[in-house]
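Coordinate inspection notes
Take a look at the letters that make up each chain.
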Amino acid sequence: MDVARPSPRLLDQVRDRIRFKHYSLRTEQAYIDWIKRFVRFHGNRHPSDLSAPHIEAFLTHLAVELNVAASTQNQAQSALLFLYREVLAYELPLLTGVSRAKAPVRLPVVLTSSEVARLLQALAGRHRLFGELLYGTGLRIMEAVRLRVEDVDLARRAILVRDGKGAKDRVTVLPDRLVEPLRAQLHRGGQLHARDLRSGFGAVWLPQALERKYANAAREWCWQYVFPADSRSCDPRTSIERRHHMSDQSFQRAMREALRHAHIAKPATPHTLRHSFATHLLESGHDIRTVQELLGHADLSTTMVYTHVLNRGGRGVISPLDRLADHPDGNDR
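Reference entry: report on the structure contained in this document.

Calculation rules
- Residues numbered from 1 in each chain as written.
- Predicted model: local features only at pLDDT ≥ 70, side-chain atom pairs only at ≥ 80, totals over all residues.
- Heavy atoms only, no water.
- Phe/Tyr/Trp six-rings, centres within 6.5 Å; stacked < 30°, edge-to-face > 60°.
- Lys NZ or Arg CZ within 6 Å of the ring centre and 35° of its normal.
- Salt bridge = Lys/Arg side-chain N within 4 Å of Asp/Glu carboxyl O.
- Helix = DSSP H or I, 4+ residues; strand = E, 2+ residues; numbered from the N terminus.
- Buried < 20%, exposed > 50% of the residue type's maximum accessible area, 1.4 Å probe, protein only.
- Contact = heavy atoms within 4.5 Å.
- Axes fitted to C-alpha atoms, helices over the stretch in contact; angles between N-to-C directions.
- Parallel < 35°, antiparallel > 145°, perpendicular 65-115°, else oblique.
- Nonpolar A, V, L, I, M, F, W, Y, C, P; charged D, E, K, R; others polar.

**Re the packing of aromatic side chains**
- As enumerated under the stated definition, the model contains 10 aromatic pairs in all.
- Positioned above the aromatic ring of Phe201 is the side chain of Arg232, whose terminal nitrogen or guanidinium carbon lies 3.9 Å from the ring centre.

In structure tokens, the structure reads:
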């Protein structure tokens with residue numbers, strides 16, 4: 001006699017659907033967290049018993065009572081829309097009753113060339129190389145930690161960014177002064193990989209399609225990370241012990257410490273090095289379309305923001321006070 005199998009729990013269904021869509025682990029973790037918070041907000045009622053007004057009430061609560069940032073509210077909305085459309089197969093009407101968190105319009109924080117030099121000097125070891133890579137190439141921090149050996153072309157002085165933001169590939173510049181340090185980093189990584197292979201490990205995580213297509217690719221050197229983690233860890237999805245890439249959080253901590261040592265009084269983050277890369281290229285006369293391509297921006301208007309922080313404040317305007325030096329006789333105060 002056939003026994004009916006129990007239906008998978010809601011969150012397991014969400015995880016399965018996210019993995020089917022090949023979303024990142026971080027997106028999976030964020031979506032699961034927002035769905036849990038949504039359910040708790042409505043007294044642990046099952047989402048199938050809730051509808052658009054309940055979603056609107058939760059999102060309004062985030063903006064009005066918790067005062068979250070607009071990006072945070074948008075992420076929560078994306079998670080709930082995914083739940084209803086992709087998992088529960090319920091098409092929601094337009095969410096018109098949501099009080100929106102206001103998105104501030106801010107210019108990016110940019111370091112001067114002198115500040116970048118001081119910051120990089122305050123970093124040590126592979127964190128210094130990693131910081132130089134971010135500033136020298138304009139990579140996002142996750143693009144840099146996920147770099148694989150085959151993506152670094154030392155001969156052509158180029159880096160291939162695979163599956164960047166918007167699921168797009170692009171090529172960016174590799175500075176000449178990073179060629180030898182990266183060669184040394186790859187040598188160290190190769191020795192670490194050889195030890196892992198001798199210990200019965202050495203298989204790196206690959207997207208499922210690649211893992212199925214190339215059965216032995218995970219152990220090949222070309223697929224290993226340029227910045228491997230110091231130790232192996234268990235994959236949270238499969239429980240397989242592997243060597244993952246360096247943690248982005250370790251560099252974030254190192255950069256905060258370096259900012260203090262360098263006495264740089266700006267709220268800089270690793271992304272600031274990308275902003276500085278773009279701004280300094282424009283300052284040196286490079287075409288904005290070239291900068292757009294190197295950064296991987298889909299819209300030129302995104303790159304245009306850097307024109308507002310070039311060289312001088314106030315769009316490069318010279319204050320009339322500074323022109324008074326040309327008229328030393330002006331004494332009518």
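**Let's talk about the pattern of salt bridges**
- Under the defined criterion, the tally for this structure stands at 22 salt bridges.
- Residues Glu91 and Arg85 are paired through a salt bridge, measuring 3.4 Å at the closest nitrogen-oxygen approach.
- Within the structure, one salt-bridge network assembled from shared partners comprises Asp196, Arg232, Glu241 and Arg243.

**Focus on the environment of Leu66**
- Summarising the element assignment, Leu66 is placed in the loop between α3 (52-64) and α4 (70-87).
- Overall, the relative accessible area of 42% leaves Leu66 in the partly exposed class.
- Residues Leu66 and Glu220, 154 residues apart in the sequence, show an inter-C-alpha distance of 48 Å.
- Aside from chain neighbours lying at most four places away, what touches Leu66 is Arg37 and His61.

**Some thoughts on the packing of helix α2 (residues 25-41) against α3**
- Orientation of α2 relative to α3, taken along the N-to-C sense of each, is 105°, at an axis distance of 10 Å. One element, α2, and the other, α3, form an angle in the roughly perpendicular class. Residue-level contacts link Trp34, Arg37, Phe38 and Phe41 of α2 to His54, Ile55, Ala57, Phe58, His61 and Leu62 of α3.
- Grouping the constituent residues of the contact of α2 with α3 by class yields seven nonpolar, two polar and one charged.

Scope: geometric values only; no functional claims are made or implied.
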